[in-house]
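Structure assessment
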Amino acid sequence: MSFIGVLSDNKTFENIKSKILENSEGNKMNILSINLKSIENIRNIKFECIIIDCELEKFKDYYNTLEKLYQNAKFIILNTDYNKKYNTLKKSNKNIITYGLNHKADITVSSITDNDILIYIQKNIENIKENVIEIQEKRIEKKGETNLIIYSIFLLYNEKIISEI
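All figures in this text were calculated on a predicted structure; none of them were measured in a lab.

Description of the pattern of salt bridges
- This structure, assessed with the given rule, holds 4 salt bridges.
- Across the salt bridge formed by E40 and R43, the nearest N and O atoms sit 2.6 Å from each other.
- On the basis of relative accessibility, which here comes to 35%, the residue R43 falls in the partly exposed class.
- Across the salt bridge formed by D106 and K123, the nearest N and O atoms sit 3.6 Å from each other. Of this pair, D106 sits in the loop between strand 5 (96–99) and strand 6 (107–112) while K123 sits in the loop between strand 7 (116–121) and strand 8 (125–126), and the two are 17 residues apart along the sequence.

Okay, here's the thing in structure tokens:
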């Protein structure tokens, strides 16, 4: 069973959790919220993947705890729209996948219309099964704010990418 930790606000966490659990076919995923109230209680959990969808500055008092979580994680998925500088993460983990609307993110949006989004993977990414996901674009139906996060998780866990996420 995979443990996925999510640093985000509660609304975003609930959206991520429900979309992953609704659309995940084969992988057993345990999705846990990492917030200021829970961080000390989960410091010994080994997360396979950590999603960071908030400003890391909010967790500055828990730097050592976060660093331990990062070092044990296989993947870190980081929103670079919130965190433009993430040098401390680069030292902790080699499998950092960045996403966001900025042009430097590994997974970004190349086009947005009223009905869909064209998601662009700008570098090769190795997934959980050590298969390489090559540079590509994928059109998906626009549903909510967390498309890039859900898309990233599905790529990593070799889940079928459905047209609505």
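So that's the structure; there's more coming.
Examining unusual backbone geometry
- One non-glycine residue with positive phi stands out, namely E130, at about 65°.
- On the secondary structure map, E130 appears in the loop between strand 8 and strand 9 (132–133).

Re the environment of K142
- Counting through the fold element by element, K142 comes out in the loop between strand 10 (136–141) and helix 4 (147–156).
- Apart from residues lying up to four places away in sequence, K142 is in contact with I112, T113, D114, N115, D116, I117 and N147.

Some points on the nonpolar core
- Counting 31 residues, the largest nonpolar core has I4, C49, I51, I107 and I153 as its most contacted members.
- The greatest single-element share of this core, amounting to 8 residues, is contributed by helix 4.
- If sequence neighbours within four positions are ignored, I51 has contacts with I4, G5, V6, L7, I16, I77, Y99, I149 and I153.
- I39, I50, L66 and L69 belong to the second-largest nonpolar core, a separate cluster that totals 17 residues.

Examining the packing of helix 1 (residues 10–23) against helix 4
- Close contact between helix 1 and helix 4 brings their axes to 10 Å; oriented N to C, the two are set at 40°. One finds that helix 1 runs oblique with respect to helix 4. Helix 4 is crossed by helix 1, and the crossing has right-handed handedness. Across the interface between the two elements, I16, K19, I20 and N23 from helix 1 touch I149, I150, I153 and F154 from helix 4.

Criteria and thresholds
- Residues numbered from 1 in each chain as written.
- Predicted model: local features only at pLDDT ≥ 70, side-chain atom pairs only at ≥ 80, totals over all residues.
- Heavy atoms only, no water.
- Salt bridge = Lys/Arg side-chain N within 4 Å of Asp/Glu carboxyl O.
- Buried < 20%, exposed > 50% of the residue type's maximum accessible area, 1.4 Å probe, protein only.
- Helix = DSSP H or I, 4+ residues; strand = E, 2+ residues; numbered from the N terminus.
- Contact = heavy atoms within 4.5 Å.
- Core = buried A, V, L, I, M, F, W, Y, C linked by side-chain atoms within 4.5 Å.
- Axes fitted to C-alpha atoms, helices over the stretch in contact; angles between N-to-C directions.
- Parallel < 35°, antiparallel > 145°, perpendicular 65-115°, else oblique.
- Left-handed = near helix turned anticlockwise from the far one by under 90°.

Keep in mind these numbers describe shape, not what the thing actually does.
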